[in-house]
Amino acid sequence: MKKNILSAVVGVVAVAGMGATVASAATLDDVKAKGFVQCGVSTGLAGFSAPNDAGDWSGLDVDLCRGVAAAVFGDANAVKFSPLSAKERFTALQSGEIDVLSRNTTWTMSRDTQLGLNFAGVNYYDGQGFMVRKSLGVNSALQLSGASVCVQTGTTTELNLTDYFKANDMTYNPVVFEKLEEVNGAYDANRCDVYTTDQSGLYSIRLGLSAPDEHMVLPEVISKEPLGPVVRQGDDQWFSIVKWVHFAMLNAEEMGVTQANVDEMLGSTDPNVMRLLGKEGTFGDSIGLSNDWAYNVIKHVGNYGEVFERNVGASTPLAIGRGVNALWSKGGLQYAPPLR
């Protein structure tokens, strides 16, 4: 009797668990029903996610979202953007307010295992740094003991700052704000000596200061900050879509498939290119998309190298080199599994 009761209880739990999974595994259906992808981005970080005067968004993170829209709808403009603070971002994703978070967000163990979220890849390898006024007369972060430091609360930046100064037996005075704009304004108004965040962010923020040339980014990188898109746990299909949009962009760059030549490459006899562009195999079926999903991503958004150069590369005001964000075949860390 006990065995039968236990079996019944286990069966009910299993069914309940299955129901919860099925109920939560509907992001693609929901996205198709409303006709667009709702993407969470920053409140404004040049090169990554920022609106222009007309309200049009651009940036590395924005293009990831446009890539997802292109894969689902064949239209990179079928996306709406929700500007979120660091404090708001995870709650917005957990609650279903957004479908994907693409907001210069660091992949950490606690975020990956405790928030009910999954990181779908790394679209920018970064590291935390420090920006100071040149008039401060320092050239190393190790000279910052006793400084006042502007930092955004609710971020890994805040935790790394504490660890760095403690490890180097230095003191500092934190000047903490919730919103990025508040941190920017405080530093520009000389309310602190130092600004700390991801180095990519510092180069972006520096451009918006009242006198950019009076500031410098120090050479030290004090942390690993792998930044990438995030989705809710419990929906493997949507997780796969976001993940493989990123991988498709990387594979396209490696294969030399670009926005300009993607139509010509439809005639390629290279099996790798044929699989990528949907001319061989049925890889779209496995994630609920048309077989030309990756073609649409490349046609409407571009490969990873094109997205990088357009938003943060050498020809932009940020002028960031590829560095560790180069392909693995060119000495970097960016590597994608094959379509096979």
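Below: a short report on this structure.

### Let's talk about the pairing of strand 8 (residues 128–133)
Regular strands show a simple pattern: their side chains alternate between the two faces of the sheet. Most of strand 8 is tucked away: six of the six residues are buried. With burial as the criterion, each face of strand 8 is covered, one bearing Gln128, Phe130 and Val132 and the other bearing Gly129, Met131 and Arg133. Where strand 8 lies against strand 11 (residues 194–198), five bridges are found, and the strand directions are antiparallel. Pairing of Phe130 across the sheet is with Thr196, part of strand 11. Pairing analysis gives three bridges linking strand 8 to strand 12 (residues 215–217), with the strands arranged antiparallel. Within strand 12, the residue paired with Arg133 across the bridge is His215.

### What about empty space enclosed by the protein?
Applying the stated criterion across every chain, the model contains two cavities of 30 Å³ or more. Of the voids in this model, the largest cavity is the one considered here, and its volume is about 260 Å³. Taken together, 21 residues form the lining of the largest cavity, with Asn104, Gln152, Thr157, Thr197 and Asp198 sitting closest to its centre. Mapped by element, the contributors of at least two residues to the lining of the largest cavity are helix 6 (156–167), strand 11 and helix 8 (199–207). In terms of residue count, strand 11 provides more of the lining of the largest cavity than any other element does, four residues in total. Across the lining of the largest cavity, the residue classes tally to five nonpolar, 11 polar and five charged. Put simply, the second largest cavity is a space of about 50 Å³. Leu60, Asp63, Leu64, Asn123, His246, Met249, Tyr304 and Val307 together form the lining of the second largest cavity. Listed by contribution, the elements that provide at least two residues to the lining of the second largest cavity are helix 3 (60–73), helix 9 (236–255) and helix 13 (304–311). Sorting elements by how many residues they give to the lining of the second largest cavity places helix 3 first, with three residues. Taken together, the residues that form the lining of the second largest cavity break down as five nonpolar, two polar and one charged.

Cut-offs applied
- Residues numbered from 1 in each chain as written.
- Predicted model: local features only at pLDDT ≥ 70, side-chain atom pairs only at ≥ 80, totals over all residues.
- Heavy atoms only, no water.
- Buried < 20%, exposed > 50% of the residue type's maximum accessible area, 1.4 Å probe, protein only.
- Helix = DSSP H or I, 4+ residues; strand = E, 2+ residues; numbered from the N terminus.
- Pairing = 2+ DSSP bridges.
- 1 Å grid on protein atoms, 1.4 Å probe; cavity = no way out; pocket = protein on both sides within 12 Å on 5 of 7 lines; lining within 4 Å.
- Points joined across faces, edges and corners; volume = space filled by probe spheres on them.
- Nonpolar A, V, L, I, M, F, W, Y, C, P; charged D, E, K, R; others polar.

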